[in-house]
Amino acid sequence: MTTMSEAVTDVVVVGSGLLGLSTAFELLNRDLDVTIVGPRTGEHNGQASRAAGAMLTVFSEVEATHAPDRIRLEVAQRLIARTGYQAWLDRIGEASGRQVPLIPGVWVIGNGYGTDDTAHLKAIAAAAEAHGSPAEFAAPGDVAGLAPQVRASEALWLPDEASIDPGALVEALTTILSAHRRCRWFNSAATGVHEHGEHLAVQVADGSTVLAAHLVLAAGAGVTGLLDADLAQEVAAPPLRSGRGVSVVVRAPFALPAAVRSPNRGFACGSHMVPRADGRVYLGATNRLSTEPDYGRRATLDELATLMHDATAELNTTLRDAELIEVRVGHRPVTADHLPLFGRTGHPMVHLATGTYRCGVLLAPHAATIVADGITSPGSTAEHPYSPRRQVHVPALQELIATSTRGLVEMLCQPGGSLPAGSQELLERFLGAALHEIAAGSSPRAVAVRRLWERAPMAECLPLLLDAAGRIR
Ligand SMILES: Cc1cc2nc3c(=O)[nH]c(=O)nc-3n(C[C@H](O)[C@H](O)[C@H](O)COP(=O)(O)OP(=O)(O)OC[C@H]3O[C@@H](n4cnc5c(N)ncnc54)[C@H](O)[C@@H]3O)c2cc1C
């Protein structure tokens, strides 16, 4: 029996970022009743979706050091998302009366800032060509808006990539969902979930309870800890951490017709500028792993300094005169194997739409389809490589140290780029050797380092390990 403060629905979606809203939109299109629990109004501090550059980067996320299997898998999934993106935006435009323009093309530039830019650009071009997409090398002088301090040595034009304004997309989806007669929206946080007879019960911070046949957890980095202990055990979701990113929007003193980015480096998505409406330009982005995301913490001066320095040095020196319009912080949800979590979990009523890390704006409609398929055709997505029931490969600490000290040194060198000739390799080798020794030891320092790695077993954890190793005596 339900009480006055209980609502019953087919599906409750927890989280109101792009993953939650896209999934709700898809479920409504399949004639289900949907209840969203998550902030609709307010500042949306910490939300990744509104902080994103929102480049639709199918190929330019590829790194030369990625394993061929991983490149094949991720590029294929991103390509599915990209192929249907314009049609999805058209559907949203029609239903909301708000058009979200897609700006075609992304430039990737290589320069002396990155130790491996030439190799990365080659790997990106090879991935595009392997999937029949054009990738055209050009002179850096041909890149509109590029006027850096550090001379670019090469440029790659990817006409099939694109960018959008994620704020406009969130607003358009919000318009549709707020007005939809089969959608209810609690403008509040979920505080817990437990089983309740044949339903799942979601508690809402405003005191309400929502009962549902299915639950979609799309609360980004906030997913962790929502389920009660029994449910969490059955769901058995792979652990989720978050990469905190800071970005800004400025009024730039130059025209920017298409996004320009460097390759990934130092565990981040490089420096990039993305055109927005009315001559505004987005600049991104930092990436720092947090084991417990703090949604209330604003951008630090160090994060802003890194962003500004790299943007003026690598992209356009006149950004120094740009007018600052907005600063955003977002927590990118990420798993240990860096692959998303889409679809049914170990519990038949609990589904995940998260773990999208740096590609969630691109992947949102694809995720929504997979999650909705798992609800309307149970079992149909069980074998999907992004299924939460997959075996997540957790790299050993020694393996991470061996493969990722270069990224660590690149990150330590920010802002400003590189150390004197030869010193970078020297530091890389020394840090690798020192971390190996510490990790293998039995001192309190070694125990603390291993404990930290157990909480976040991924390459992005190395800066935290370095910090922890230095603090403990
Ligand atoms: C700086 C930056 C740049 C990026 N650039 C790109 C890019 O160029 N291209 C791209 O494709 N992707 C990019 N991304 C990644 C992309 O933004 C994310 O993968 C995606 O937005 C994640 O969406 P989400 O809905 O899962 O999470 P979020 O957008 O973080 O939304 C989660 C929502 O859940 C809410 N929530 C949390 N806890 C609760 C709770 N208990 N109850 C209810 N609601 C809760 C939060 O308030 C939040 O609104 C970028 C991310 C960042 C931070």
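Residues numbered from 1 in each chain as written. Predicted model: local features only at pLDDT ≥ 70, side-chain atom pairs only at ≥ 80, totals over all residues.

Some details on the overall build of the protein
Part 1 of the argument: When its secondary structure is counted, the protein shows 13 helices and 18 strands.
Part 2 of the argument: The C-alpha radius of gyration computed for the protein amounts to 22 Å, which stays within 12% of the reference 23 Å derived for 473 residues, consistent with globular compactness.
Part 3 of the argument: With the principal axes as the frame, the protein shows a C-alpha extent of 70 × 60 × 40 Å.
Part 4 of the argument: Looking at the protein residue by residue over its 473 residues, the buried ones come to 49%.
Part 5 of the argument: If you take every contact in the protein between residues at least 6 apart in sequence, the share linking residues at least 24 apart comes to 74%. (Helix = DSSP H or I, 4+ residues; strand = E, 2+ residues; numbered from the N terminus. Rg over C-alpha atoms; globule rule 2.2 N^0.38 Å. Buried ≥ 20, exposed ≤ 12 C-beta atoms within 10 Å, placed from the backbone. Contact = placed C-beta atoms within 7 Å.)

Topic: the domain arrangement of the protein
Part 1 of the argument: Annotation of the protein at the domain level lists domain 1 (101-162 + 242-331) and domain 2 (397-471).
Part 2 of the argument: In this structure, domain 1 and domain 2 have C-alpha centres spaced 26 Å apart.
Part 3 of the argument: On the domain 2 side, the residues contacting the 13 residues of domain 1 number 16 residues.
Part 4 of the argument: Among the elements that line the side of domain 1 that touches domain 2, the one with the most residues is helix α8 (residues 301-314), at four residues.
Part 5 of the argument: Within the side of domain 1 that touches domain 2, the residues separate by chemical class into five nonpolar, six polar and two charged. (Domains from an automatic or database assignment. Nonpolar A, V, L, I, M, F, W, Y, C, P; charged D, E, K, R; others polar.)

Side note on the site of the ligand
Part 1 of the argument: If you check the shell around the ligand, you find 42 residues, and the closest are Gly17, Gly220, Gly222, Gly330 and Gly360.
Part 2 of the argument: When residues of the shell around the ligand are traced back to their parent elements, those giving at least two are α1 (18-29), α2 (48-51), β11 (240-251), β16 (323-335) and α9 (360-376).
Part 3 of the argument: Examining the composition of the shell around the ligand, we find that four residues originate from one element, β16, more than from any other.
Part 4 of the argument: Taken together, the residues of the shell around the ligand sort by class into 21 nonpolar, 19 polar and two charged. (Near = placed C-beta within 6 Å.)

Side note on the packing of helix α4 (residues 85-96) against helix α6 (residues 166-179)
Part 1 of the argument: Viewed as axis vectors pointing N to C, α4 and α6 meet at an angle of 50°, and their least axial separation amounts to 9 Å. As judged from the angle between their axes, α4 and α6 are oblique. Where α4 crosses over α6, the handedness of that crossing is left-handed. Across the interface between the two elements, Ile92, Ala95 and Ser96 from α4 touch Ala172, Leu173, Thr175 and Ile176 from α6. (Axes fitted to C-alpha atoms, helices over the stretch in contact; angles between N-to-C directions. Parallel < 35°, antiparallel > 145°, perpendicular 65-115°, else oblique. Left-handed = near helix turned anticlockwise from the far one by under 90°.)

Quick notes on helix α3 (residues 68-83)
Part 1 of the argument: Spanning 16 residues, α3 covers 22 Å between terminal C-alpha atoms, matching the ideal 22 Å at 1.5 Å per step.
Part 2 of the argument: Within α3, the full set of buried residues consists of Ile71, Glu74, Val75, Gln77, Arg78, Leu79, Ala81 and Arg82.
Part 3 of the argument: Close packing links the buried residues of α3 with β3 (55-56), α4, α5 (117-130), β6 (152-163) and α9. (Expected span 1.5 Å × (residues − 1).)

Observations regarding the packing of α3 against α9
Part 1 of the argument: At a closest axis distance of 8 Å, the pairing of α3 and α9 adopts a crossing angle of 80°. On the basis of their axis angle, the class for α3 and α9 is roughly perpendicular. Judged by residue contacts, Gln77, Arg78, Ile80, Ala81 and Arg82 of α3 engage Leu362, Leu363, Pro365 and His366 from α9.

Focus on the nonpolar core
Where a protein is soluble and globular, its nonpolar side chains tend to be buried together.
Part 1 of the argument: Judged by nonpolar contacts, the single largest core of 137 residues is most densely connected at Val14, Ala24, Ile124, Val202, Leu215, Leu217 and Met273.
Part 2 of the argument: The two domains that each donate at least three residues to this core are domain 1 (101-162 + 242-331) and domain 2 (397-471).
Part 3 of the argument: Excluding its chain neighbours within four sequence positions, the residues that come into contact with Leu215 are Val12, Val14, Val193, Leu200, Val202, Met349, Val350 and His351. (Core = buried A, V, L, I, M, F, W, Y, C linked by C-beta atoms within 7 Å.)

Concerning the environment of Ser188
Part 1 of the argument: Along the chain, the position of Ser188 falls in the loop between β7 (183-186) and β8 (190-196).
Part 2 of the argument: Ser188 sits 24 residues away from Ile164 along the chain, and the two C-alpha atoms are 27 Å apart.
Part 3 of the argument: The residues touching Ser188, leaving out its near neighbours within four places in the chain, are Val37, Val204, Ala205 and Asp206.

Overview of α6
Part 1 of the argument: For α6, built from 14 residues, the straight-helix expectation of 20 Å at 1.5 Å per residue is met to within 8% by its first-to-last C-alpha distance of 20 Å.
Part 2 of the argument: Looking at α6, one finds that the buried residues are Pro166, Gly167, Leu169, Val170, Ala172, Leu173, Ile176 and Leu177.
Part 3 of the argument: Turning to α6, the residues buried within the fold contact α1, β2 (34-37), α2, α4, β7 and α9.

Overview of the environment of Glu94
Part 1 of the argument: For Glu94, the location among the structural elements is in helix α4.
Part 2 of the argument: What makes Glu94 exposed here is the crowd of 11 C-beta atoms within 10 Å.
Part 3 of the argument: Remark: the alpha-carbon pair of Glu94 and Ala172, spanning 78 residues in sequence, is separated by 9.9 Å.

Regarding the environment of Ala64
Part 1 of the argument: Along the chain, the position of Ala64 falls in the loop between β3 and α3.
Part 2 of the argument: Sequence-wise, Ala64 and Lys122 are 58 residues apart; in three dimensions their C-alpha atoms are separated by 7.7 Å.
Part 3 of the argument: Excluding residues within four positions of it along the chain, Ala64 makes contact with Asp116, Ala119, His120, Lys122 and Ala123.

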